[in-house]
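Geometric and topological summary
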Amino acid sequence: MRVTVLVRPKAGILDRQGQAVESSLKHLGFKVSGARVGRVIDLDVNESDSAAARAAAARMCEQLLANALIESYEIELPDGGA
Amino acid sequence: MSAPRPCVAVVVFPGSQDDRDAAWALAAVGAEPELVWHAETELPSRTGAVVLPGGFSYGDYLRCGAIARFAPAMRAVAAFARDGGPVLGICNGFQILCEAGLLPGVLRPNASLSFVCRDVDVVVENAATPFTRRCEPGQRLTIPVKHGEGCYYAPPELLVELEASGRVVLRYAGGDNPNGSVAGVAGVVSAAGNVMGLMPHPEHAVDPLLGSGDGALILASLVEAAAERVFAAVR
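Here is a short report on the structure shown in this document. Remember, it's a predicted structure, so these values are computed and weren't measured experimentally. (Residues numbered from 1 in each chain as written. Chains lettered and ligands numbered in written order. Predicted model: local features only at pLDDT ≥ 70, side-chain atom pairs only at ≥ 80, totals over all residues.)

The next point concerns the pairing of strand E4 (residues 87-90) of chain B. Residues and elements named next belong to chain B. Across the two faces of E4 the burial is the same, with Val87 and Gly89 and Leu88 and Ile90 all buried. Here strand E3 (residues 47-52) runs beside E4; their pairing, made up of three bridges, is parallel. Each bridged residue has a counterpart across the sheet, and for Val51 the counterpart in E4 is Leu88. Handedness of the crossover is the feature at issue here: the chain leaves E3, passes through helix H2 (residues 72-82), returns alongside E4, and the resulting connection is right-handed. Bridge analysis of E4 against strand E11 (residues 195-198) gives four bridges, and the strand direction is parallel. Bridge assignment links Leu88 to a residue of E11, and that residue is Met196. (Buried ≥ 20, exposed ≤ 12 C-beta atoms within 10 Å, placed from the backbone. Helix = DSSP H or I, 4+ residues; strand = E, 2+ residues; numbered from the N terminus. Pairing = 2+ DSSP bridges. Right-handed = clockwise from strand over helix to strand, strands pointing away.)

A few words on the interface of chain A and chain B. At the junction of the two partners, chain A supplies seven residues and chain B supplies nine residues. Sorting elements by how many residues they give to the side of chain A that touches chain B places helix H1 (residues 16-27) of chain A first, with three residues. Residues belonging to the side of chain A that touches chain B are distributed by class as follows: four nonpolar, two polar and one charged. (Contact = placed C-beta atoms within 7 Å. Nonpolar A, V, L, I, M, F, W, Y, C, P; charged D, E, K, R; others polar.)

Residues and elements named next belong to chain B. Val8, Val11, Leu26, Leu219 and Val223 are the most contacted members of the largest nonpolar core, which totals 83 residues. It is helix H5 (residues 215-232) that provides the largest number of residues to this core, a total of 11 residues. Setting aside anything within four residues of it in sequence, one finds Val223 in contact with Pro6, Val8, Leu26, Val29, Gly30 and Ala31. (Core = buried A, V, L, I, M, F, W, Y, C linked by C-beta atoms within 7 Å.)

Attention shifts here to unusual backbone geometry. Residue and element names in this part refer to chain B. Positive phi is not limited to glycine here, since Asp60 has a value of about 55°. Along the chain, Asp60 falls in the loop between E3 and H2. The exposure class assigned to Asp60 is partly exposed, which follows from the 18 C-beta atoms found within 10 Å. A positive phi angle, near 70°, is found at Leu62, a position not held by glycine. With respect to the secondary-structure elements, Leu62 resides in the loop between E3 and H2. By C-beta crowding, Leu62 is classed as partly exposed, having 17 other C-beta atoms within 10 Å.

We now examine the sheet that holds strand E7 (residues 140-147) of chain B. All names here are of chain B. Pairing is mixed across the open sheet formed by nine strands, whose spatial order is E2-E1-E3-E4-E11-E10-E9-E6-E7. Strands at the two margins of the open sheet, each flanked by one partner only, are strand E2 (32-37) and E7. Between one strand axis and the next, the sheet turns through 25° on average, direction left out of account. With three bridges connecting them, strand E9 (residues 168-172) and strand E10 (residues 185-189) associate as antiparallel partners. Of the residues in E10, the one forming a bridge with Leu170 is Gly187. Contacts between H5 and the sheet are confined to strand E1 (7-12), E3, E4 and E7, with E3 contributing the most and set at about 145° to the helix. (Axes fitted to C-alpha atoms, helices over the stretch in contact; angles between N-to-C directions.)

So this is what it looks like as structure tokens:
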């Protein structure tokens, strides 16, 4: 099952990369007042049950994919599954 | 008769680049360095201290140090640290120790978003550690940094705790903070005091011919602590 993990810098954590992106967008003439840069990880998890796939992805985030000090994560399943 | 040389294990990860410099510098200050491949499950039995060197372990994929912490050798390093053995992480080694939970906090991309490579001055804030015992409290050391992700971050409550307990061992001097680290932190030590990480590279500053010999104070402190650990049992 395809599971998508979104890892974001936590609110309040300074994101210099996001600031650089924001300033470049402004240079191009876009009206933006904020940009935060995170990471998308598409996983093919060997689970057919969406609850099990979500639980597995959560364990992956806790152990490796996100650093809880500075990052939050969100798990997305196909069709918004369980 | 010259003093016996304690073994200092230098862990080599795929992508480590300062392992040989670290070994050379450790030998120069009286250690018998031994390179230990990351896939090893044990450290040499006579190991008196461990150094995790600088570089880009596992390509720094995902986050710096995030993957290296799962190397088999890291399990042995964690056990060595739990037993009170001195462990020093330099640059990427610091990042690995943070990701492994052996040190608090995390290293983030430099505030400038630029790689920085130059000499910096650091102040020894705590000279009562196995890594700074050869230094004077408040001493200024000139040691080079070279990193893209050396911006130390600890949440405010953790930082208060670190400051209150003297665990900020090195701080960038004179407001010249090369990477935006919170409170100018350049090096921190674990609660038990036997694990330290720092972004500057002491192994690149062991001879005035190379610009500074101040890094030798850090490494010689570590070697002294290693000797006490290894040779205490024999005496």
